[in-house]
Amino acid sequence: MRALVISGGGSKGAFAGGVAQYLMEVEKREYDMFLGTSTGSLLIPHLATNDISKVYDIFTNVTQGDIFSVSPFVQRKKGDREFVSIDFVNSLWQFIRMKRTFGESKALKRNIRRNFTKEEYNKIRKTKEDVVVTVSNLSKNRVEYKSINECTYEEFCNWIWISCNYIPFMSLAKVDGYEYADGGLGCVIPIREAIKRGATIVDAIVLESEQMQRTKVLGKNPFSLMISLFGHLMDQMEKHDITIGKLAAKTKDVQLNLYYTPTRLTENSLIFSKRLMVKWWQEGYDYAKQKSNENSKMSELKDK
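Residues numbered from 1 in each chain as written. Predicted model: local features only at pLDDT ≥ 70, side-chain atom pairs only at ≥ 80, totals over all residues. Heavy atoms only, no water.

J.: Is there a simple way to think about a nonpolar patch on the surface in this case?
T.: Among the surface-exposed residues, Leu92, Trp93, Phe95 and Ile96 lie close enough to one another that they form a single nonpolar patch of about 470 Å² accessible area. Along the polypeptide, Leu92 turns up in helix 5 (residues 88-96). (Patch = residues over 30% accessible without salt bridge, like charges linked within 9 Å, V, L, I, M, F, W, Y side chains within 5 Å. Areas by Shrake-Rupley, 256 points an atom, 1.4 Å probe, with all protein chains shown as cover. Salt bridge = Lys/Arg side-chain N within 4 Å of Asp/Glu carboxyl O. Helix = DSSP H or I, 4+ residues; strand = E, 2+ residues; numbered from the N terminus.)

J.: Quick question: what am I supposed to make of the pattern of salt bridges here?
T.: Once their charged atoms are close, side chains differing in charge can pair, the charge on each being opposite to the other. Taken as a whole and assessed by the stated rule, the structure comprises 11 salt bridges. With its nearest N and O atoms 2.9 Å apart, the salt bridge here joins Asp203 to Arg29. Separated by 174 residues along the polypeptide, Asp203 in strand 9 (residues 201-209) and Arg29 in the loop between helix 1 (13-26) and strand 2 (33-37) bring together distant segments of the chain. On the basis of relative accessibility, which here comes to 16%, the residue Arg29 falls in the buried class. Linking Glu283 and Lys279 is a salt bridge whose minimum nitrogen-to-oxygen distance equals 2.9 Å. Residue Glu283 and its partner Lys279 are both found in helix 11 (residues 274-303); the two are separated by 4 residues, about one turn of the helix. (Buried < 20%, exposed > 50% of the residue type's maximum accessible area, 1.4 Å probe, protein only.)

J.: Looking at this structure, how should I read the packing of helix 2 (residues 39-48) against helix 3 (residues 52-61)?
T.: To describe two helices that pack against each other, one gives the angle between their axes and the distance between the axes. Two elements in contact, helix 2 and helix 3, have axes separated by 8 Å at closest approach and are oriented at 150°. With respect to helix 3, the axis of helix 2 lies roughly antiparallel. Along this stretch, helix 2 crosses helix 3, giving a crossing that reads as right-handed. Facing Thr39, Leu42, Leu43, His46 and Leu47 of helix 2, the residues of helix 3 in contact are Ile52, Lys54, Val55, Ile58 and Phe59. Across the contact of helix 2 with helix 3, the residue classes tally to 7 nonpolar, 2 polar and 1 charged. (Axes fitted to C-alpha atoms, helices over the stretch in contact; angles between N-to-C directions. Parallel < 35°, antiparallel > 145°, perpendicular 65-115°, else oblique. Left-handed = near helix turned anticlockwise from the far one by under 90°. Contact = heavy atoms within 4.5 Å. Nonpolar A, V, L, I, M, F, W, Y, C, P; charged D, E, K, R; others polar.)

J.: Can you help me understand the state of the cysteines in this one?
T.: The bond known as a disulfide is covalent and runs between the sulfur atoms of two cysteines. Enumeration over the complete set of coordinates arrives at 0 disulfides. The thiol sulfur of Cys151 is not disulfide-bonded, and the nearest other cysteine sulfur, from Cys157, lies at 10 Å. Sulfur of Cys164: no disulfide; nearest cysteine sulfur belongs to Cys157 and is 12 Å away. Taking relative accessible area as the criterion, Cys164 reaches 6% and is therefore assigned buried. (Disulfide = S-S within 2.5 Å.)

J.: Would you explain the packing of aromatic side chains in this entry?
T.: For any pair of aromatic rings, the description rests on two quantities: the centre-to-centre distance and the angle between the ring planes. Following the criterion strictly, the structure yields 11 aromatic pairs and no others. Both rings, one in Tyr22 and one in Tyr285, keep their centres 5.3 Å apart while their planes meet at 85°; by these two values the pair is edge-to-face. Of this pair, Tyr22 sits in helix 1 while Tyr285 sits in helix 11, and the two are 263 residues apart along the sequence. On the accessibility criterion, Tyr22 (6% relative accessible area) is buried. The partly exposed category is assigned to Tyr285, whose relative accessible area is 22%. Relative to Phe34, the ring of Tyr31 has its centre 5.8 Å away and its plane inclined at 65°; by these criteria the two rings are edge-to-face. An aromatic cluster is defined as three or more aromatic residues linked by ring pairs; in this entry it consists of Phe95, Phe102, Tyr166 and Phe169. Lying across the ring of Tyr259, Lys291 places its NZ or CZ 4.7 Å from the centre. (Phe/Tyr/Trp six-rings, centres within 6.5 Å; stacked < 30°, edge-to-face > 60°. Lys NZ or Arg CZ within 6 Å of the ring centre and 35° of its normal.)

Here it is as structure tokens:
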């Protein structure tokens, strides 16, 4: 059984889309299971229906307004560089309303339901072994994995949304009396979960470079420093998840193929820029093609 696993990574999900497109359209890989965290959770339902063009249009055209109903950020452009800074008015308004997060992501919730239809949900249930999204149960201090086979359409859309809620910048959700948030707060890339569910071959797309290639720029104010700190913690958790995944693959004799970003794509994955995401999608496609060619050459050398 073959599984495709996609890590969290915000706007960098466009890179994962490019990798998946090459693997599915050119390499003709057919996946029985799809597992994702955060932005990976947004990708996998559409990949499970094999609708690459649809997910490309969604990911390369998304804007801040498609994500945030109350945005804690102001997106700016200086030359060729795009960056975000704090929206003091919106953040202050959240405090006045006694909210616990700087922003709200109800716009994303509406967009998920608009873009992922009940017909697609039913198609996946009939044709795929499983589609699983990762969420963090903060009340119980544990990671939970929500299978499409165990949820109604409405419930599954809600879990996809919850998996993407990168607090304290997005909404904090409550289900059955428990508070939930972004799955990446507990498991950035669920490789081990794919193996536990029976995968014998796992293609895992990691939305971070394998090696830190340059000094990371830390925030210049408390708010941007918080973003940098969260990014650091996620990076460390991701490395832990990959190490555990490699160990599980070795123990269970599972073939694990890892696809990293060749470079660090951005310092802030909450920037949603069409120009950047179109570029990252193509880079993902080209990277998967290059890696496939390298693997073919290595196989030829071994045969000789």
